[in-house]
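Observations on chain architecture
Each chain is listed here by its residues.
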Amino acid sequence: MTMVSSGTKATPISGPIRAYWERNGGLAIFGYPISDLATETVEGTWTGPVQWFERDRLEDHGADGVLAGRLGARYLELTNSPWQWFPQVQQAPQSGCQV
């Protein structure tokens, strides 16, 4: 278990979420943890362990691994504008980028 302190409160990060946090940029990318690990229902379809950070929500999907939360979809849901209501793009624009 790692205790990360923002100066006012030390919050633990442990297990698969800690490993994901450390492997994918840690404090610089996700910021400080702002919640303890808790069970939440996400997008009305999945319930499991999540931990909130300053810039993301990490979800432990067990065998599927840890996934970063879809905060844009959550924002649209909270503003009563679900992403499903927006027009779908039929073809991606040509960007000139090469893969």
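Residues numbered from 1 in each chain as written. Predicted model: local features only at pLDDT ≥ 70, side-chain atom pairs only at ≥ 80, totals over all residues. Heavy atoms only, no water.

Regarding the packing of aromatic side chains
- Within this structure, the stated rule accounts for three aromatic pairs.
- Considering the side-chain rings of Tyr 20 and Phe 30, the 6.0 Å spacing of their centres and the 45 degrees angle between planes classify their relative orientation as tilted. Linking Tyr 20 in helix H1 (residues 15-23) with Phe 30 in helix H2 (residues 26-30), this pair joins segments that are 10 residues apart in sequence.
- Ring geometry for Trp 21 and Phe 53: centres 6.2 Å apart, planes at 20 degrees, overall stacked. With Trp 21 in helix H1 and Phe 53 in the loop between strand S4 (46-52) and strand S5 (57-60), the pair connects residues that are 32 residues apart, well separated along the chain.
- Three or more aromatic residues joined by ring pairs form one cluster here, namely Tyr 20, Trp 21, Phe 30 and Phe 53. (Phe/Tyr/Trp six-rings, centres within 6.5 Å; stacked < 30°, edge-to-face > 60°. Helix = DSSP H or I, 4+ residues; strand = E, 2+ residues; numbered from the N terminus.)

Some points on the pattern of salt bridges
- According to the stated counting rule, one finds three salt bridges in the structure shown.
- The partner of Glu 22 in a salt bridge is Arg 18, and the shortest N-O contact between them spans 3.0 Å. With Glu 22 and Arg 18 both in helix H1 and four residues apart, the pair spans about one turn of that helix.
- For Glu 22, a relative accessible area of 44% translates into the label partly exposed. (Salt bridge = Lys/Arg side-chain N within 4 Å of Asp/Glu carboxyl O. Buried < 20%, exposed > 50% of the residue type's maximum accessible area, 1.4 Å probe, protein only.)

As for a nonpolar patch on the surface
- On the surface, a nonpolar cluster with roughly 410 Å² of combined accessible area is contributed by Trp 83, Trp 85 and Phe 86.
- Summarising the element assignment, Phe 86 is placed in the segment after helix H3 (71-78).
- The class of Phe 86 is partly exposed, set by a relative accessible area of 46%. (Patch = residues over 30% accessible without salt bridge, like charges linked within 9 Å, V, L, I, M, F, W, Y side chains within 5 Å. Areas by Shrake-Rupley, 256 points an atom, 1.4 Å probe, with all protein chains shown as cover.)

Remarks on H1
- Those residues of H1 that sit buried are Ile 17, Tyr 20 and Trp 21. The buried residues of H1 occupy an angular sector of 100 degrees when the element is viewed end-on, so they sit on one face.
- Once H1 finishes, Gly 25 follows within two positions and takes phi at roughly 115 degrees, a positive value. (Arc of directions from axis to C-beta.)

Observations regarding the pairing of S4
- The pairing of strand S3 (residues 38-42) with S4 spans five bridges and is antiparallel. Counted as the bridge partner of Thr 41 is Thr 47 from S4.
- Looking at chain direction, S4 and S5 are connected through three bridges and run antiparallel. Counted as the bridge partner of Val 50 is Glu 59 from S5. (Pairing = 2+ DSSP bridges.)

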